[in-house]
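What follows is each chain in one-letter form.
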Amino acid sequence: MAFSSADRTKVWFEGTAQVLTALNLRGRASDAPTVAAFVDSLERAQREAPNHDGYGLVAASRDGLDTGMGDLYYASLHTGATAWFLLAARNANPFRL
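Below, the structure is looked at part by part.

What counts and how
- Residues numbered from 1 in each chain as written.
- Predicted model: local features only at pLDDT ≥ 70, side-chain atom pairs only at ≥ 80, totals over all residues.
- Heavy atoms only, no water.
- Helix = DSSP H or I, 4+ residues; strand = E, 2+ residues; numbered from the N terminus.
- Buried < 20%, exposed > 50% of the residue type's maximum accessible area, 1.4 Å probe, protein only.
- Contact = heavy atoms within 4.5 Å.
- Core = buried A, V, L, I, M, F, W, Y, C linked by side-chain atoms within 4.5 Å.
- Axes fitted to C-alpha atoms, helices over the stretch in contact; angles between N-to-C directions.
- Left-handed = near helix turned anticlockwise from the far one by under 90°.
- Nonpolar A, V, L, I, M, F, W, Y, C, P; charged D, E, K, R; others polar.
- Salt bridge = Lys/Arg side-chain N within 4 Å of Asp/Glu carboxyl O.

**Describing unusual backbone geometry**
Of note, Asn51 is a non-glycine position whose phi angle comes to about 70°, a positive value. Relative to the elements of secondary structure, Asn51 occurs in the loop between α2 (32-48) and β1 (65-66). A positive phi angle, close to 55°, is found at Asn91, a residue other than glycine. Tracing the sequence through the fold places Asn91 in the segment after α3 (79-89).

So this is what it looks like as structure tokens:
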């Protein structure tokens, strides 16, 4: 997933994991190819992205992801991206206790 149309050359891993969580919760069989592609992308980022540690996820696939709102995301470990990926992996709904 891109953060915005301002920069489609880099991947925003937190947003990718958020969409993966939503697709998992929706549970449509037609989403299976997209779910598989997102899981593969996130697992690959966990292993191969710049500054990876093999455990968490970085915020962006490369430094300087432009949000289009005056901010940049970097390829540094990111709690939000990691947390959303864990929610998706557990098929958890963050809005339900």
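**Some points on α3**
Every buried residue of α3 is listed here: Gly80, Ala81, Thr82, Trp84, Phe85 and Ala88. In the core, the buried residues of α3 are packed alongside α1 (13-26) and α2. Following α3 by one or two positions, Asn91 has its phi on the positive side, about 55°.

**Some remarks on the nonpolar core**
Residues Phe13, Ala17, Leu20, Leu42, Ala45, Leu57 and Phe85 are the most contacted members of the largest nonpolar core, which totals 15 residues. Of all the secondary-structure elements, those providing two or more residues to this core are α1, α2 and α3.

**Focus: the environment of Tyr74**
If you trace the backbone, Tyr74 turns up in the loop between β2 (72-73) and α3. For Tyr74, the residues in contact, after removing those within four places along its chain, are Ala59, Ala60, Arg62, Asp63 and Gly64.

**Focus on the packing of α1 against α2**
Between two packed helices, what matters for the description is the angle formed by their axes and the separation of those axes. Running from amino to carboxyl end, α1 crosses α2 at an angle of 145°, the nearest separation of the two axes being 10 Å. Once α1 is placed against α2, the crossing between them reads as left-handed. Taking contact as the criterion, the partners of Phe13, Thr16, Ala17, Val19, Leu20, Leu23 and Asn24 in α1 are, on α2, Thr34, Val35, Phe38, Val39, Ser41, Leu42 and Ala45. Looking at the contact of α1 with α2, its residues break down into 10 nonpolar, four polar and no charged.

**Brief notes about the pattern of salt bridges**
Scanning all chains against the criterion turns up four salt bridges. Arg26 is the salt-bridge partner of Asp31, the closest N and O atoms lying 2.8 Å from each other. For Asp31, a relative accessible area of 8% translates into the label buried. Linking Arg44 and Asp40 is a salt bridge whose minimum nitrogen-to-oxygen distance equals 3.0 Å. Of this pair, Arg44 and Asp40 are both found in helix α2, four residues apart, which corresponds to roughly one turn of the helix. On the basis of relative accessible area, Arg44 is assigned to the partly exposed category, the value being 37%. Taking relative accessible area as the criterion, Asp40 reaches 37% and is therefore assigned partly exposed.

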